[in-house]
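Chain residues, written in single-letter form:
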Amino acid sequence: MSRFGYFGPEGTFTHQALLTVPGADLAELTPYATVAGCLDGIRSGEVDAGLVPIENSVEGGVSATLDNLTYGEPLMITREVLLEVQFTLFVRPGTALTDVRRVLTHPHAAAQCRDWLAAHLPQADITTDGSTAAAAAAVADPDSGYDAAVCSRIAGELHGLEALADGIADNTAAVTRFILVTRPGRVGPATGADKTSLVLFMRADHSGALLELLEQFASRGVNLCRIESRPTKTQLGSYCFAIDAEGHVDDARMAEALMGLHRVSARVIFLGSFPRADSGQPDILAGTANADYAAAQQWLDRLRNPSS
Ligand SMILES: O=C(O)C(=O)Cc1ccccc1
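Residues numbered from 1 in each chain as written. Predicted model: local features only at pLDDT ≥ 70, side-chain atom pairs only at ≥ 80, totals over all residues. Heavy atoms only, no water.

As annotated in an unreviewed UniProt entry, the protein chain is Prephenate dehydratase from Microlunatus soli. Listed under Pathway (unreviewed entry) in UniProt, the entry text for the protein chain is "Amino-acid biosynthesis; L-phenylalanine biosynthesis; phenylpyruvate from prephenate: step 1/1." Under the UniProt heading Catalytic activity (unreviewed entry), the entry covering the protein chain gives this text: "prephenate + H(+) = 3-phenylpyruvate + CO2 + H2O". (UniProt positions renumbered as here; feature names shortened; annotations may be inferred.)

Structure (structure tokens):
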């Protein structure tokens, strides 16, 4: 039986996303109170894989996840999961909206409900900590000092809370992307609709340095689906680039781009190639298919050795 960890406790959006992963229903599920705890649980072998949030269509990247994958001991992404998140304001039964003074939730939930909270609870103090489900658990305890939680319906109901307002996100179409992470190992097979995640460090800061990295993808017809700069934590103004590119390390154009990046970067962190959750097929430009690279290699081999 597999052992899956997740950013918990029970009832988080991450937990709900994990339940959509094939095999999760038969696996032993272990909640971790923090993203770092979950990733360390994978590293130590406490669990075989773990699901953590990585980005949201409204709020952007989850720095705790990105930075841990970049600066922590190596891990590999094997799958991504998309979940449309809906937020509800939950209180202890009997609490009215006018009684709500202190709200607790996850930072991304607070950010996604910022306008609603400002309009409907202008007097309330919003605290962000832990997860949305941990916030619901805290609110269920009358001694916690919190009157309301912004969380999922599942989390609120799990803790016997009462919903005061549903669908309170400022953008109701928000989607969160989660990643399933394992210890590094053999990359899964290419499916034809894959993504490769990388973190790139520039060799030196000079004009065109970022262009030099991006050119490695562009010249091989590799489309990017995400690029995010994160501080390298060495000095102000120094950044690395977290990139998701369309394709698999077994695709010739991706392999060539990776070799190019290896030549021109200070460091390339390969975080894995995995199937795209949206199954989006890449647009393969003329001359960049596996067969085109194989034909070019054969041609070169014959130039070098006509009898080959
Ligand atoms: O706190 C949770 O429930 C999580 O899983 C993290 C999160 C928070 C807000 C939106 C999506 C994921």
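Now, onward.
1. Description of the environment of arginine 43
By the secondary structure assignment, arginine 43 is in helix α2 (residues 35–43). The spatial distance from the C-alpha of arginine 43 to the C-alpha of glycine 272 is 16 Å, given a sequence separation of 229 residues. At a separation of 2.8 Å, a polar atom in the side chain of arginine 43 contacts the main-chain carbonyl oxygen of glutamate 73. (Helix = DSSP H or I, 4+ residues; strand = E, 2+ residues; numbered from the N terminus. Polar contact = N/O pair within 3.5 Å; in protein donor to acceptor, adjacent residues only side chain to side chain.)

2. Comments concerning helix α9 (residues 252–264)
Given a rise of 1.5 Å per residue, 13 residues ought to cover 18 Å, and the 19 Å separating the end C-alpha atoms of α9 matches this to within 8%. Buried within α9 are the following residues: Ala252, Arg253, Met254, Ala257, Leu258, Gly260, Leu261 and Val264. Each element contacted by the buried residues of α9 is listed here: β12 (194–202), α8 (209–218), β14 (239–246), β15 (265–275) and α10 (290–304). (Expected span 1.5 Å × (residues − 1). Buried < 20%, exposed > 50% of the residue type's maximum accessible area, 1.4 Å probe, protein only. Contact = heavy atoms within 4.5 Å.)

3. Description of the site of the ligand
As a structural note, the neighbourhood of the ligand is formed by Phe7, Thr12, Phe13, Thr14, Phe87, His106, His108, Ala109, Gln112, Ser131, Thr132 and Thr176. Here an oxygen atom of the ligand and a side-chain polar atom of threonine 14 are 2.6 Å apart. Between the ligand and the protein, one listed contact pairs an oxygen atom with a side-chain N or O atom of threonine 132 at 2.5 Å. In isolation the ligand exposes 320 Å². Once the protein is present, 99% of that is buried. Of all elements in the fold, only α1 (13–18) and α4 (107–112) reach the threshold of two or more residues within the shell around the ligand. Top element by residues in the shell around the ligand is α4. It accounts for 3 residues. Split into classes, the residues belonging to the shell around the ligand amount to 4 nonpolar, 8 polar and no charged. Counting only domains with at least three residues in the shell around the ligand, you end up with domain 1 (1–85 + 176–185) and domain 2 (88–166). (Near = heavy atom within 4 Å. Areas by Shrake-Rupley, 256 points an atom, 1.4 Å probe, with all protein chains shown as cover. Nonpolar A, V, L, I, M, F, W, Y, C, P; charged D, E, K, R; others polar. Domains from an automatic or database assignment.)

4. Some thoughts on the sheet that holds β14
In a beta sheet, neighbouring strands pair by backbone hydrogen bonds and run either parallel or antiparallel. Spatially, the 4 strands line up as an open sheet ordered β13-β14-β12-β15, and their pairing is antiparallel. The open sheet has two free edges, formed respectively by β13 (224–231) and β15, since each of these has just one partner strand. In this sheet, neighbouring strand axes are inclined to one another by 15° on average, regardless of whether the strands run parallel or antiparallel. Where β13 meets β14, 7 bridges bridge the pair, whose relative direction is antiparallel. Across the sheet, the residue bridging to serine 229 is phenylalanine 241, located in β14. The sheet strands contacting α8 are β12, β13, β14 and β15, and the helix crosses β12 at an angle near 155°. (Pairing = 2+ DSSP bridges. Axes fitted to C-alpha atoms, helices over the stretch in contact; angles between N-to-C directions.)

5. A short note on the pairing of strand β11 (residues 175–182)
Taking burial as the measure, the 8 residues of β11 include 7 buried ones, the bulk of the element. Pairing of strand β3 (residues 49–56) with β11 involves 7 bridges; the strand directions are antiparallel. The residue of β11 that forms the bridge with proline 53 is phenylalanine 178. Sheet analysis places strand β5 (residues 76–84) next to β11, joined by 8 bridges and oriented antiparallel. Of the residues in β11, the one forming a bridge with glutamate 80 is isoleucine 179.

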